[in-house]
Amino acid sequence: MQKMNVSKALKNTGLKILELLRSIEWAMYKKLKRRRLKNRNYTIISSNCNGTFMYYDMKLPYLTPTVNLAMGMEDFVKMVENLSWYMEQHFTEVKDEEGSCPAGLLGGLRVNFVHYDSFEEGVRKWEERKKRIHWDNLFIVGTEKDGCTYETIRRFDSLPYKNKVIFTHVEYPEFSSAYYIKGFEDREELGVLTFYKKQLRKRRYLDDFDYVDFLNHPKNSSSS
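Residues numbered from 1 in each chain as written. Predicted model: local features only at pLDDT ≥ 70, side-chain atom pairs only at ≥ 80, totals over all residues. Heavy atoms only, no water.

Peer 1: Give a detailed account of the nonpolar core, specifying residues and quantitative values.
Peer 2: Grouped together as the largest cluster of nonpolar side chains are 56 residues, with contacts concentrated most on Tyr42, Phe76, Met79 and Phe167. Examining the composition of this core, we find that five residues originate from one element, helix H3 (residues 73-81), more than from any other. Apart from residues no more than four positions distant in its own chain, Met79 is found in contact with Ile45, Thr66, Met71, Tyr86, Met87, Leu106, Leu109 and Trp126. (Core = buried A, V, L, I, M, F, W, Y, C linked by side-chain atoms within 4.5 Å. Buried < 20%, exposed > 50% of the residue type's maximum accessible area, 1.4 Å probe, protein only. Helix = DSSP H or I, 4+ residues; strand = E, 2+ residues; numbered from the N terminus. Contact = heavy atoms within 4.5 Å.)

Peer 1: Tell me what's going on with the sheet that holds strand S5 (residues 138-143), and back it up with residues and numbers.
Peer 2: Whenever strands of a sheet pair, they do so through backbone hydrogen bonds, lying parallel or antiparallel. The sheet built from four strands is open, its strands ordered S1-S5-S6-S7 with parallel pairing. Only two strands of the sheet have a single neighbouring strand rather than two, namely strand S1 (43-46) and strand S7 (178-180). Taking each pair of neighbouring strands and ignoring which way they run, the sheet shows an average axis angle of 25°. Pairing geometry for S1 and S5, over four bridges, is parallel. (Pairing = 2+ DSSP bridges. Axes fitted to C-alpha atoms, helices over the stretch in contact; angles between N-to-C directions.)

Peer 1: Could you give an account of the environment of Leu109, with specific residues and numbers?
Peer 2: Looking at where Leu109 falls in the secondary structure, it is placed in strand S4 (residues 109-112). Taking the C-alpha atoms as reference, Leu109 lies 8.4 Å from Met71; in sequence the two are 38 residues apart. Setting aside anything within four residues of it in sequence, one finds Leu109 in contact with Met71, Asp75, Lys78, Met79, Tyr86 and Gly104.

This is the structure in structure tokens:
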């Protein structure tokens, strides 16, 4: 029994050391990414929290209203097709049982304030951050989930923005803005890209995409 307890203690100690080493490597990895970033005044308009983490990892202020929220991809594409108009619209609260988080309608489009305690807080942060938009340095980020169809991807690819990417669960070589994230091929859509992979090095699915390079090399922007 004593030998078993010693063996278990040694195993637990080894696991703790391994986790510590993983965390140190992860911190260094993100530090090196921050050093690589040259373009620091960018605005990411994102359908979900993937864009949020592209600010959070870089320890930069949120220069966009699309932080800590989620939109269905159909609504997201509609918004970005006429972005400047939607940024002038006001929210009305949605009171239903469709979701477990506060939500609002913006010009008829549903915005789910996933990480906010109330509708009022979500709107206040939206209004505050939309004033920070850098219209001359826009990046559009979509995800093949939340009602995203092939036609949605086609419309996204046709958006009048040169700096755009949509993460997909399979390859779509016909669309220049599609970026295939491995690991979800047996599903109908992508999973949560900010979840960590089951592997030795601490990495999220989102880290398969070099978003620092994406941000550092913007093409001549155009917007609605």
